[in-house]
Amino acid sequence: MRILFLGAPGAGKGTQCKRLSAKLSLPHLSSGDLLREAVKAGTPAGVQAKEYMDKGVLVPDEVLIEMFKEKLSSAECKNGFILDGFPRNLSQAKSLDELLVSLNSGLSTVINLDVDDSFLTERICGRWTCGNKACAAVYHVKFAPPKVQGKCDVCSSDLTQRADDKEELVKARLNTYREQTEPLIQYYTEKKLLKTVSGEGDQDAIFNNLLQSLQVTA
Ligand code: AMP
């Protein structure tokens, strides 16, 4: 299966994609995670990306397209993939179409994880992630707190907050989503690929709805 996730920042794409990746044994390709790794490693792409990420706006398309060309052509993706955060605008979506045609494949389904605006800021600003990359468990101060404050339940590593999950940047990120990414809902609806799943409520229930819409047995 070749699955793409759409959804506003804070909709829970990362959490659900991780679960789905484990369930279907497919690689989870998160553009945000790949960019954060590049920033941390100080690669030329990372250095370029950082100034945009720090403002909550989109990194130039060429950086993302190059990154995903390499990933999607690799052996890791030969049986399918789960895309999270790419594409993020119409021009990236068209580049992805071209790339998939050149690889003789196409998307199976696009999931729109739908969450009402009123929940997003609180969800994002309370989010903490395990600093151990191999674990990367996600917590929320209010909705899913760790047992010991600041420590991961799974591996006891320190929890960290993403630099762009601070309130002053969240507004910019949500505006970017509305202006540039939301039009993709229409784009994939017209291609008859879009399925909407509610991202509100209990995480297990959301995951079960997701499996149902992908016609995967739980
Ligand atoms: P995310 O973790 O998906 O919320 O992404 C964090 C930041 O990375 C975004 O605010 C953008 O600055 C950048 N980013 C992630 N994906 C893309 C993309 N497909 N195109 C451009 N910038 C992106």
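See the structure shown above.
Starting afresh in each chain, residues are numbered from 1 along the sequence in its written order. Predicted model: local features are reported for residues with pLDDT of at least 70 only, side-chain atom pairs are reported and counted for 80 or more only, and whole-chain, interface and lining totals are derived from all residues. Only hydrogens and water are removed before side-chain values are computed, so all heavy atoms of the structure are retained for them.

Peer 1: Account for the sheet that holds strand S5 (residues 127–130), naming residues and giving values.
Peer 2: Consider a sheet: its strands pair through backbone hydrogen bonds, and that pairing is either parallel or antiparallel. Note on pairing: two strands pair once DSSP finds at least 2 bridges between them. By the criteria applied, helices consist of DSSP H or I runs no shorter than four residues and strands consist of E runs no shorter than two, each listed in order from the N terminus. Strand order in the open sheet formed by three strands is S6-S5-S7, and the pairing between neighbours is antiparallel. Since the sheet does not close on itself, it has two edges, and those belong to strand S6 (138–140) and strand S7 (159–160), each with one partner. With two bridges joining them, S5 and S7 adopt antiparallel strand pairing. Counterpart to Thr129 in the pairing with S7 is Thr160.

Peer 1: Tell me about the packing of aromatic side chains, and name the residues and values.
Peer 2: Pairing of aromatic rings covers Phe, Tyr and Trp, the last counted by its six-membered ring, and requires centre-to-centre distances within 6.5 Å; plane angles under 30 degrees mean stacked, over 60 mean edge-to-face, and any other angle means tilted. Counted under the stated rule, the structure contains two aromatic pairs. Ring geometry for Phe68 and Phe86: centres 4.3 Å apart, planes at 10°, overall stacked. You can see Phe68 sitting in helix H4 (residues 61–72) and its partner Phe86 sitting in the loop between strand S3 (81–84) and helix H5 (90–102), a full 18 residues away along the chain. Between buried and exposed lies partly exposed: a residue is buried under 20% and exposed over 50% of the maximum accessible area for its type, with that area taken using a 1.4 Å probe on protein chains only. According to the relative accessible area criterion, Phe68 is buried, its value standing at 0%.

Peer 1: Pulling in residues and values, what's your account of the packing of helix H2 (residues 31–41) against H4?
Peer 2: Contact geometry of H2 with H4 gives a least axis separation of 11 Å together with a crossing angle of 105°. Relative to H4, the element H2 is oriented roughly perpendicular. Every residue of H4 that contacts H2 at Ser31, Leu34, Leu35 and Ala38 is listed here: Val63, Leu64, Met67, Phe68 and Lys71. Of the residues belonging to the contact of H2 with H4, the class tally is seven nonpolar, one polar and one charged. The axes are straight lines fitted to the C-alpha atoms, using for helices just the contacting stretch, and the angles between their N-to-C directions are given from 0 to 180°. Roughly parallel here means an angle under 35 degrees, roughly antiparallel means over 145, roughly perpendicular means 65 to 115, and every remaining angle is called oblique. Whether two residues are in contact is decided by their heavy atoms: any pair within 4.5 Å suffices. Ten residues, namely Ala, Val, Leu, Ile, Met, Phe, Trp, Tyr, Cys and Pro, are considered nonpolar, four, namely Asp, Glu, Lys and Arg, are considered charged, and the remaining ones, Gly among them, are considered polar.

Peer 1: Tell me about the pairing of strand S4 (residues 109–114), and name the residues and values.
Peer 2: Working note: regular strand, side chains alternate between the two faces of the sheet. With respect to burial, S4 is a largely interior element, five of its six residues being buried. As defined by bridge partners, strand S1 (residues 2–6) adjoins S4 across four bridges and the pair is classed as parallel. Across the sheet, the residue bridging to Leu6 is Asn112, located in S4. Two strands pair when backbone bridges link them, and S4 and strand S8 (residues 194–198) are joined in this way by five bridges, in the parallel orientation. The residue of S8 that forms the bridge with Leu113 is Val197.

Peer 1: Explain the environment of Lys142 to me, using residue names and the numbers behind them.
Peer 2: Following the sequence through the fold, Lys142 ends up in the loop between S6 and S7. Pairs of N or O atoms are called polar contacts if they sit within 3.5 Å, as long as, within protein, a hydrogen donor faces a hydrogen acceptor (for residues adjacent in sequence, only side-chain-to-side-chain pairs). For Lys142, the side chain forms a polar contact with the side chain of Glu122, separated by 2.7 Å.

Peer 1: Report on the nonpolar core, specifying residues and quantitative values.
Peer 2: In these notes, a set of buried Ala, Val, Leu, Ile, Met, Phe, Trp, Tyr and Cys residues joined through side-chain atoms within 4.5 Å is what counts as a nonpolar core. Counting 29 residues, the largest nonpolar core has Phe68, Leu72, Leu107 and Tyr188 as the members making the most contacts within it. If you list the elements that add at least two residues to this core, you get S1, H2, helix H3 (44–53), H4, S3, H5 and helix H8 (183–190). Broken down by element, the residue count for this core peaks at six residues, all from H4.

Peer 1: How would you summarise the sheet that holds S1 if you had to cite specific residues and measurements?
Peer 2: As summarised here, the arrangement of the five strands in space is S2-S3-S1-S4-S8, forming an open sheet in which the pairing is parallel. At either end of the open sheet lies a strand with only one pairing partner, and these are strand S2 (28–30) and S8. Adjacent strand axes in the sheet meet at a mean angle of 25° when their direction is disregarded. Pairing between S2 and S3: three bridges, direction parallel. By the bridge assignment, Ser30 is partnered in S3 with Asp84.

Take it as geometry only, folks, not as evidence of what the structure does.
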